[in-house]
Amino acid sequence: MDLIATILVDGLIYAGWLFIVSVGLTLVFGVLNILNIAHGSLYAIGAYASASLVGAYFAAGGEAFPFGSYLALILAAVLVAVVLGPLLERGLLRYFYGRDEVLNVLVTYAVFLILEDVMKLIWGVNPYFVYEPYTLLGDVEIGPLFYVGYDFAVIAAAIIVGLAVWLTLNRTQVGKVVLAVIHDAEISQTMGVNVKRIYLGAFMAGAFLAALGGALTAPMISVTPGLGVNVIIVAFAVVIIGGLGSVPGAAIGALMVGISRAASVHLVPEAELFIIYFVMAIVLMFRPEGLFAKTQARKI
Amino acid sequence: MSTGLLEVRDVQKSFGAVTAAKDISVSVPKGAVYSLIGTNGAGKTTFVNMVTGYIKPDSGVINFGGQNIAGLAPRQITRLGIHRSFQIAQLCNELTVEENMLVAGAIHGTTKPSFLRPAHDKSARERAIATLERFNIAEHRNRLIPELSGGVKKLLDIAMAMAGETQIMLLDEPTSGVAADEKFPIMDLVINALKAEGVTVIFVEHDMDIVTRYSERVLAFYDGQIIADDAPDEVLSDPEVQRYVTGGPA
Amino acid sequence: MMHLPVYVSAIIAFVLLAAGSLVLPDWAMFLFAMALAKGLVCLGIVGMMRGGVVSFGQGLYYCLGAYTATLVANSFGVSDIFLLTLISAAVCLAVGLVFGPLLSSYRGIFFAMLSLALSMVLYGTLSKMSFIGGTDGLNIGAPTFLGWAPEGRPLQTALYIYVVAIVVIAGALMRIYFDSEQGLITLAMRDNELRVEYLGASVRHVMTYNYVFGALLGGIGGTIAVLALGHVDPEFAFWTTSGEFVFVAILAGYLSVPAVFVAAIILELVRSFSNLYFPNTWQLALGIFLLIVIVALPGGLGSLIKRSKETDT
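None of these values were measured; they are calculated from a predicted model.

Asker: Got a minute to help me understand the pattern of salt bridges in this structure?
Answerer: Pairing between side chains of opposite charge can happen when the charged atoms of each approach one another. On inspection of all chains with the given rule, the structure shows 23 salt bridges over all chains. Salt-bridge contacts for B:Arg143 lead to B:Glu147; the nearest nitrogen and oxygen are separated by 3.6 Å. Residue B:Arg143 is classed as partly exposed on the basis of its relative accessible area, which comes to 31%. For B:Glu147, a relative accessible area of 45% puts it in the partly exposed group. The salt bridge partner of C:Glu268 is C:Lys38, with a shortest N-O separation of 3.1 Å.

Asker: Explain the packing of helix 6 (residues 149-171) of chain A against helix 9 (residues 195-217) of chain A to me, please; I cannot follow it from the model alone.
Answerer: Helix-helix packing: each pair is described by the crossing angle between the helix axes and the interaxial distance. Residue and element names in this part refer to chain A. The contact between helix 6 and helix 9 brings their axes to 11 Å, and the two run at 170°. Relative to helix 9, the element helix 6 lies roughly antiparallel. Residues Tyr 150, Ala 157, Val 161 and Val 165 of helix 6 pack against Leu 209, Leu 212 and Leu 216 of helix 9. Across the contact of helix 6 with helix 9, the residue classes break down as seven nonpolar, no polar and no charged.

Asker: Any chance you could explain the environment of C:Gly221 here in plain terms?
Answerer: Residue and element names in this part refer to chain C. You can see Gly 221 is positioned in helix 9 (residues 203-229). Along the backbone, Gly 221 and Gly 200 are 21 residues apart, and their C-alpha atoms lie at a distance of 35 Å. Not counting chain neighbours up to four residues away, the residues in contact with Gly 221 comprise Ala 37, Leu 40, Val 41 and Tyr 62.

Asker: Could you clarify how one ought to interpret the sheet that holds strand 8 (residues 200-204) of chain B in this entry?
Answerer: Two orientations exist for strands paired in a sheet by backbone hydrogen bonds: parallel and antiparallel. All names here are of chain B. Pairing is mixed in the open sheet, where six strands are placed in the order 6-7-8-3-9-10. Each edge of the open sheet is held by one strand with a lone partner, namely strand 6 (82-84) and strand 10 (225-230). Strand-to-strand twist of the sheet, defined as the mean angle between neighbouring strand axes without regard to direction, takes the value 20°. The sheet contact formed by strand 7 (residues 168-172) and strand 8 spans five bridges and is parallel. Of the residues in strand 8, the one forming a bridge with Leu 170 is Ile 202. Contacts from helix 1 (residues 44-51) reach strand 3 (33-37), strand 6, strand 7, strand 8 and strand 9 (217-222), with the element oriented near 130° to strand 3. In this fold helix 5 (residues 150-161) packs onto strand 6 and strand 7, with an angle of close to 160° to the strand it touches most, strand 7.

Asker: Would you mind showing me how to read the nonpolar core here?
Answerer: Side chains that are nonpolar tend, in soluble globular proteins, to be buried together. Ranked by size, the top nonpolar core spans 270 residues in total, and within it A:Val31, A:Leu35, B:Leu156, C:Leu40, C:Phe56 and C:Trp239 carry the most contacts. The biggest single contributor to this core is helix 2 (residues 26-50) of chain C, with 17 residues. In this view, C:Leu40 contacts C:Ile166, C:Val167, C:Ala170, C:Leu217, C:Ile220, C:Gly221, C:Ile224 and C:Phe261; residues no more than four positions away in its chain are not counted. Listed in part, the 28 residues of the second largest apolar core include B:Tyr34, B:Phe47, B:Met50 and B:Leu170.

Asker: Would you explain the interface of chain C and chain B in this entry?
Answerer: It is common to report an interface's size as the accessible area lost on association of the parts. Between chain C and chain B, the residue contacts involve 27 residues of the former and 33 residues of the latter. The interface formed by chain C and chain B holds four salt bridges in total. A salt bridge links B:Asp157 to C:Arg195; the shortest N-O distance between them is 2.5 Å. Remark: the boundary between chain C and chain B carries 19 residue pairs in polar contact (both at pLDDT 80 or more). For the side of chain C that touches chain B, the secondary structure elements donating two or more residues are helix 6 (152-179), helix 7 (181-191), helix 8 (193-199) and helix 9 of chain C.

Asker: In this structure, what is going on with the environment of C:Leu290? I would like to understand it.
Answerer: Relative to the helices and strands, C:Leu290 is located in helix 12 (residues 282-296). Sequence separation between C:Leu290 and C:Tyr106 is 184 residues; the distance between their C-alpha atoms is 25 Å. In this structure C:Leu290 touches A:Leu106, A:Tyr109, A:Ala110, C:Phe247 and C:Ile250, once residues within four positions along its chain are discounted.

Asker: Explanation requested: the layout of surface pockets in the structure shown.
Answerer: Regions of empty space are outlined by a rolling probe, equal in size to a water molecule, passed over the atoms. In this structure, the second largest pocket encloses a volume near 990 Å³. If you trace the second largest pocket, you find 35 residues lining it, with A:Tyr14, A:Trp17, A:Val234, A:Arg261 and A:Glu272 closest to the centre. Of all elements in the fold, only helix 1 (2-32), helix 6, helix 10 (227-242), helix 11 (247-267) and helix 12 (272-286) of chain A together with helix 5 (108-128) of chain C reach the threshold of two or more residues within the lining of the second largest pocket. Across the lining of the second largest pocket, the residue classes break down as 23 nonpolar, seven polar and five charged.

Asker: Looking at this model, I keep getting lost on the sheet that holds strand 5 (residues 67-68) of chain B. Mind explaining?
Answerer: Residue and element names in this part refer to chain B. Taking strand neighbours across the sheet as the criterion, the four strands line up as 2-1-4-5 in an open arrangement whose pairing is antiparallel. The sheet is open, and its two borders are formed by strand 2 (18-28) and strand 5, each paired with just one other strand. Where strand 1 (residues 6-15) meets strand 4 (residues 59-64), five bridges bridge the pair, whose relative direction is antiparallel. Across the sheet, residue Glu 7 finds its bridge partner in strand 4, namely Asn 63.

Asker: What's the story with the side chain of B:Glu7 in this structure? I'm lost.
Answerer: Residue and element names in this part refer to chain B. Mapped onto the elements, Glu 7 comes out in strand 1. For Glu 7, the side chain forms a polar contact with the main-chain nitrogen of Gly 4, separated by 2.5 Å. At 3.0 Å, the side chain of Glu 7 forms a polar contact with the side chain of Ser 27.

Asker: Sorry, what's going on with empty space enclosed by the protein here?
Answerer: All chains considered together, the criterion is met by two cavities of 30 Å³ or more. Counted as a void, the largest cavity has a volume near 60 Å³. Looking at the largest cavity, the residues that line it are A:Ile37, A:Tyr109, A:Phe112, A:Val229, A:Ile232, C:Phe56, C:Leu116, C:Trp239, C:Ser242 and C:Gly243. Looking at the lining of the largest cavity, the elements that each hand over two or more residues are helix 4 (101-123) and helix 10 of chain A together with helix 10 (239-252) of chain C. Residues of the lining of the largest cavity, tallied by class, amount to eight nonpolar, two polar and no charged. Taken as a whole, the second largest cavity spans an internal volume of roughly 40 Å³. For the second largest cavity, the full set of lining residues is A:Tyr48, A:Glu116, A:Met119, A:Lys120, A:Gly124, A:Pro225 and A:Gly226. Of all the elements, helix 4 of chain A adds the most residues to the lining of the second largest cavity, at three residues. Classifying every residue of the lining of the second largest cavity by side-chain character gives three nonpolar, two polar and two charged.

Asker: Mind showing me how you'd approach helix 6 (residues 180-196) of chain B here?
Answerer: Along an α-helix, a turn takes 3.6 residues, which lines up residues three or four apart on a common side. Residues and elements named next belong to chain B. Taking 1.5 Å of rise per residue, 17 residues should cover 24 Å, and helix 6 covers 25 Å from first to last C-alpha, within 8% of that figure. Where helix 6 is buried, its residues touch strand 3, helix 5, strand 7, strand 8 and helix 7 (208-214). At the exit of helix 6 stands Gly 198, carrying a positive phi of roughly 70°.

Asker: How should the packing of helix 10 of chain A against helix 5 of chain C be read in this particular structure?
Answerer: Running from N to C, helix 10 of chain A and helix 5 of chain C point in directions that differ by 125°, and their axes come no closer than 11 Å. The angle between helix 10 of chain A and helix 5 of chain C places the two elements in the oblique class. Crossing angle aside, the handedness with which helix 10 of chain A passes helix 5 of chain C is left-handed. Between helix 10 of chain A and helix 5 of chain C, the residues in contact are A:Val229, A:Asn230, A:Ile232, A:Ile233, A:Phe236 and A:Ile240 and C:Ile109, C:Phe110, C:Met113, C:Leu114, C:Leu116, C:Ala117 and C:Met120, respectively. Considering only residue class, the contact of helix 10 of chain A with helix 5 of chain C consists of 12 nonpolar, one polar and no charged.

Definitions and cut-offs
Every chain begins its residue count from 1, and numbering advances along the sequence as written. Here the convention is simple: chains get letters from A, ligands get numbers from 1, in the order in which they are written. At least 70 in pLDDT is required for a residue's local features to be given in this predicted model, at least 80 for side-chain atom pairs to be given and counted, and no such filter applies to totals for whole chains, interfaces and linings, which use all residues. The basis for the side-chain values is all heavy atoms of the structure; hydrogens and waters are excluded. Should a side-chain nitrogen of Lys or Arg be within 4 Å of a carboxyl oxygen of Asp or Glu, the pair is scored as a salt bridge. The buried label applies to any residue whose accessible area, calculated with a 1.4 Å probe on protein chains only, is under 20% of its type's maximum; exposed applies above 50%, and partly exposed to all values in between. For helices, the axis comes from a line fit to the C-alpha atoms of the stretch in contact; other axes are also lines fit to C-alpha atoms, and the angle between any two N-to-C directions lies between 0 and 180 degrees. A run of H or I in DSSP becomes a helix once it reaches four residues, and a run of E becomes a strand once it reaches two; helices and strands are each numbered from the N terminus. Should an angle fall under 35 degrees it is called roughly parallel, over 145 degrees roughly antiparallel, and 65 to 115 degrees roughly perpendicular, with every other angle called oblique. In what follows, residue pairs with any heavy atoms lying within 4.5 Å of each other are defined as contacts. Side-chain classes are defined by residue name, with Ala, Val, Leu, Ile, Met, Phe, Trp, Tyr, Cys and Pro counting as nonpolar, Asp, Glu, Lys and Arg as charged, and the others, Gly among them, as polar. In this analysis, strands are considered paired if DSSP registers two or more bridges between them. Take the buried residues of types Ala, Val, Leu, Ile, Met, Phe, Trp, Tyr and Cys, join any two whose side-chain atoms come within 4.5 Å, and each joined set is a nonpolar core. Within 3.5 Å is the distance limit for a polar contact, defined as a pair of N or O atoms, with the added protein rule that one can donate a hydrogen and the other accept it, and that residues adjacent in sequence qualify only through two side-chain atoms. Buriedness for pockets is judged along seven lines, at least five of which must meet protein on both sides within 12 Å for an open set on the 1 Å grid over protein atoms alone, while cavities are sets there where a 1.4 Å probe fits but cannot get out, and lining residues have an atom within 4 Å of a point. Grid points are joined across faces, edges and corners, and a volume is the space filled by probe spheres set on the points. To estimate how far a helix should extend, the number of its residues minus one is multiplied by 1.5 Å. We call a crossing left-handed when the near helix sits turned anticlockwise from the far one by less than a right angle, and right-handed when that turn is clockwise.

Structural data, given as structure tokens:
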């Protein structure tokens, strides 16, 4: 019984993290039709930025009100989105809209390579530690199990992110326009939608979500070079399980992967590395396009 | 039942709530030229797609040469000798006309496609050009596909399908996307070339002049069903066909 | 005689490259041997590119080949370079035959990312397997050549000539394949799969062939690389390694086989100079270079050769 509870709680915590890092990827793909490898870099930059900002916050006497460091985390993600979002989308990606998917992967891959070194130039190669926000929320006791409160904050953040994205898309005017652009950018354009602005907005939102993932993770880990690549692979797995471009798909994918990984960690630790791909393989076997992919029939 | 080359019996197909084929039964004798008429969505292309394996029927039998081919993959059906052309010509845009034909020849050659034998082998090129000549498009052989007119694209599409041992050829709207004054010359060319090789032809067509001129028998589709199956004059004077398909006496 | 021009070019290429062993200094011979070994891996990617897919995880086979050779050498005392190459190639062929059919129904970003994921699984697994060195990897002794065990400069020369010979043979075979009927069907498939299926060929089979050839070439490249380096670690399967292979393939384009090896040599040269002068910005330079190639040279280096040929005639 304890084991099942442990698996569920661990799985939910991991799923929350997974959802935050993958929902931006699926959103950007849905709108821009670009699989953004540099999503991993944005995540890593978010982690570094938050490590720096939180560090600066405490250096500037933040001890008096430690909870302010949470604002620093979020501010870091906003900064990354505001600075890098327009730079990448307006400065580079817009020249590749409508081109071959794989070519666009290469373009974002090049960006990924560039950003990896830019991070080293800015932050050096030594690890950063900002544990303060992680310990602030104390421990949580569930029956005989102890958890760090911050872990639950990540779940809460994932739920807030999910609701915010879903409500924006389905309950606001802007969201309806975005859905129209996802459905058919060309027709939307002729109906007077400013597709350019939607693309920029979606990319910035994606960048924010990637950076937020990194920012929230920074207090739990040592921030070192090379953070980004594993994130992009895992996020890609989650997103194709759910179906590229589908927000609910990303949520389901995150839950499936999160709980399976937790189960594997506790039951068959050797399989931890493979379990994500195993889940992915099973899903793709039955639904080659993922669970919630929009199906495109080819007309002949 | 008579024993045609192609025997379709009680074939059903629905997409969700839409019935695309209902109790479709047809017998096409060897060497015949059939045409399929009907409004858009009546089930003509679904019929072509089921016979050629693009769509798997829900139930029913499609007999060809004593074998039920319903549900086989397109390439298996193609290998048996049923070929098709497409509403939008399916060609390789980055290759020249001759190279497109060489691809068809390589796949349909007497031996399996080789990893060693050059694709631009002299004899292979001669064969390709001979086929292009039969369809009167050899002069375009060094051009890339996007430079071609709609008519030439259609002819190349059909020529590629004819590279193998074709027994039945299904033409999906052979004259759509073709300039008005090219329609009859193209149909003359295609039907003559196919008949010369004893190929059984089934074509989908909206132009009733072409239907009456080239087909021996007409199948009229409406709402997923065949509402008439007879000689062209009989079908076109059928009041039901006039009401649902042609929109008035011809 | 069939393929005569290919044979003649191959012989000329072999003589010219082999002559390099007489004049090249040690460091350059090592650099060329590594570049050519990696060029083999990239040639495999080029073969897949002709079919419209790009593997972002070719490090899988590069690493697998290198580890196979090392483990066989260390566990069974095999040091013969021919035997080691054969065994690694066989292992990579077998693995390629397992994954090839599985990946053959995926295209575009799916194929790219799934192949990347596979290579990262190998990377992660090897990193955790401390009994074969974990992240430190393993060392392998110098190879022997049918009983001959050279040392020093003769060893380097022999290894260099060996890789030149393999490159020339593999290059010639791939050229013959690219020009063959199957090679043309690959190009047609990249263009229009529906057409190819309706002509009666199996697109999945074609994809599988190209994948398996890529696996073979990757394994052979990895084997030669580990013998030249004397050391292998999980980095062989890391995404940065695979990324460099993709880079070379994109730089070369799919029109010319020699362009692949020229591109591989350019990359190694640029890398060794930038290691010297800009040690921390190698990936930055690579990324910018990649963007420039994508924008300015979409057909790769090979398109330059083809273009100049067309203007000649």
